[in-house]
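Take a look at the letters that make up each chain.
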Amino acid sequence: NNGCTVGTDVPHWTSGNHFTYEYVGCKPGYPVVISTFQGKHGGAEANKDPGASSSWVPKEIWDFFMRF
C-alpha cells in the first residue's frame, strides 16, 4: 500500500546481530522498515544482539520515528 518495491527475496537475518532492511521505492513520507533476528518475538526488552547488555529494539524504533 505504500508503493514499495517488494522483491521475491526480502533480505533477512542469517547470523550475528539483528538485521534491519528498508524497502525501496516507497511513496515519499511512507517508509517501510523491517528488522529480523534470531530469537523469540515479543518482549522487546529481551531482544538483545549477541554480547549486548541492552535491547536493540528501542533504538531502532526511535530512529524510525525521528524521521518524521
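It should be noted that the structure appears before, not after, this text.
Worth saying up front: this structure is predicted, and the values here are computed from it rather than measured.

Peer 1: Help me understand the overall build of the protein in this model?
Peer 2: Of the regular secondary structure elements, the protein holds 1 helix and 2 strands. Going from N to C terminus, the protein has its helices and strands arranged as β-β-α. With the C-alpha coordinates of the protein rotated into their principal frame, the extents come out at 35 × 30 × 15 Å. Expressed as a percentage of its 68 residues, the buried residues of the protein come to 19%.

Peer 1: In this structure, what is going on with the pattern of salt bridges? I would like to understand it.
Peer 2: It is possible for side chains bearing opposite charge to pair when their charged atoms get close. A full pass over the atoms with the stated rule returns 2 salt bridges. Among the salt bridges present, the one from Glu-22 reaches Arg-67, with a minimum N-O distance of 2.7 Å. Highlighted residues: Glu-22 in strand β1 (residues 19–22) and Arg-67 in the segment after α1 (57–65), separated in sequence by 45 residues. Residue Glu-22 is classed as partly exposed on the basis of its relative accessible area, which comes to 36%. Using a relative accessible area of 44% as the deciding quantity, one classes Arg-67 as partly exposed. Two residues, Asp-63 and Lys-59, come together in a salt bridge whose shortest N-O distance is 2.6 Å.

Peer 1: How should the packing of aromatic side chains be read in this particular structure?
Peer 2: When we look at a pair of aromatic rings, we describe it by the centre distance and by the angle of the planes. Counted by the stated rule, this structure contains 4 aromatic pairs. Seen in terms of ring centroids, Tyr-21 and Tyr-23 are 5.2 Å apart; in terms of plane orientation they differ by 75 degrees. Their pairing is edge-to-face. Judged by its relative accessible area of 15%, Tyr-23 falls in the buried class. Centroid distance Phe-64 to Phe-65: 5.7 Å. Interplanar angle 70 degrees. Geometry classified as edge-to-face. Note on Phe-64: relative accessible area 22%, which makes it partly exposed. By relative accessible area, which is 55% here, Phe-65 ends up exposed.

Peer 1: Can you help me understand the side chain of Ser-55 in this one?
Peer 2: Secondary-structure assignment places Ser-55 in the loop between β2 (33–36) and α1. Overall, Ser-55 belongs to the buried group, its relative accessible area being 14%. At 3.0 Å, the side chain of Ser-55 forms a polar contact with the backbone oxygen of Asn-47. Reaching out from Ser-55, the side chain makes a polar contact with the backbone nitrogen of Val-57 at a distance of 3.1 Å. Setting aside residues no more than four positions away along its own chain, Ser-55 makes contact with Ala-44, Glu-45, Asn-47 and Lys-48.

Conventions used here
Residues numbered from 1 in each chain as written. Predicted model: local features only at pLDDT ≥ 70, side-chain atom pairs only at ≥ 80, totals over all residues. Heavy atoms only, no water. Helix = DSSP H or I, 4+ residues; strand = E, 2+ residues; numbered from the N terminus. Buried < 20%, exposed > 50% of the residue type's maximum accessible area, 1.4 Å probe, protein only. Salt bridge = Lys/Arg side-chain N within 4 Å of Asp/Glu carboxyl O. Phe/Tyr/Trp six-rings, centres within 6.5 Å; stacked < 30°, edge-to-face > 60°. Polar contact = N/O pair within 3.5 Å; in protein donor to acceptor, adjacent residues only side chain to side chain. Contact = heavy atoms within 4.5 Å.

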